[in-house]
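Chain by chain, the residues run as shown.
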Amino acid sequence: MTNKVMTSIKLQKSLHYKMQQRIISDGYGMRGKSRWIVEAIESFLQLSDFPTLTDIAGEMKQLDEVMSMRLPESLMLQIDRAIIEVRRHYPAMEGVKSNLIRASIMQRLIREPTSVTEH
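Residues numbered from 1 in each chain as written. Predicted model: local features only at pLDDT ≥ 70, side-chain atom pairs only at ≥ 80, totals over all residues. Heavy atoms only, no water.

A. Summary view of helix α4 (residues 73-89). For α4, which comprises 17 residues, the first-to-last C-alpha distance of 25 Å matches the rise-based estimate of 24 Å (1.5 Å per residue) to within 8%. Taken residue by residue, α4 has Leu75, Met76, Ile79, Ala82, Ile83 and Val86 as its buried positions. All buried residues of α4 lie within an arc of 115° about the axis, which places them on one face of the element. Those residues of α4 that are exposed and aimed more than 90 degrees away from the buried face are Leu77, Arg81 and Arg88. On its buried face, α4 sits against β1 (4-12), α2 (33-44), α3 (50-57), β2 (63-72) and α5 (96-110). (Helix = DSSP H or I, 4+ residues; strand = E, 2+ residues; numbered from the N terminus. Expected span 1.5 Å × (residues − 1). Buried < 20%, exposed > 50% of the residue type's maximum accessible area, 1.4 Å probe, protein only. Arc of directions from axis to C-beta. Contact = heavy atoms within 4.5 Å.)

In structure tokens form, the structure reads like this:
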């Protein structure tokens, strides 16, 4: 079994609601939230412009919903490497990990919808 790390981020209330709706409509159910987020982060880190998208996520305001998730240790290591990459482009950015996870969620929501049942 893979070791998991608990982490949390703040989201806008509307983004949190849209994410929950999407998780359900994609067929994950609310128990699949962390898996949906893991897939979102993995896909996001494949994008060549993820540092720029992470910076854009830093502009979000009204982050009043706290959301916790369990991420595999291996993904946390990928996130740590991605943080270094983002800091190369934006050395003064604060909250890089949270911004990266927020950007991952936003990108998954705006890209073409997919459903677990379609695979």
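What follows continues from the structure just given.
B. The arrangement of the packing of aromatic side chains in detail. Applying the stated criterion across every chain yields a total of one aromatic pair. Taken together, a centroid distance of 6.1 Å and an interplanar angle of 65° make the contact between Phe44 and Phe50 edge-to-face. (Phe/Tyr/Trp six-rings, centres within 6.5 Å; stacked < 30°, edge-to-face > 60°.)

C. Representation of the pattern of salt bridges. Counting across every chain of the model gives four salt bridges. Linking Glu65 and Lys13 is a salt bridge whose minimum nitrogen-to-oxygen distance equals 4.0 Å. Note that Glu65 is positioned in strand β2 and Lys13 in helix α1 (residues 13-25), a separation of 52 residues in sequence. (Salt bridge = Lys/Arg side-chain N within 4 Å of Asp/Glu carboxyl O.)

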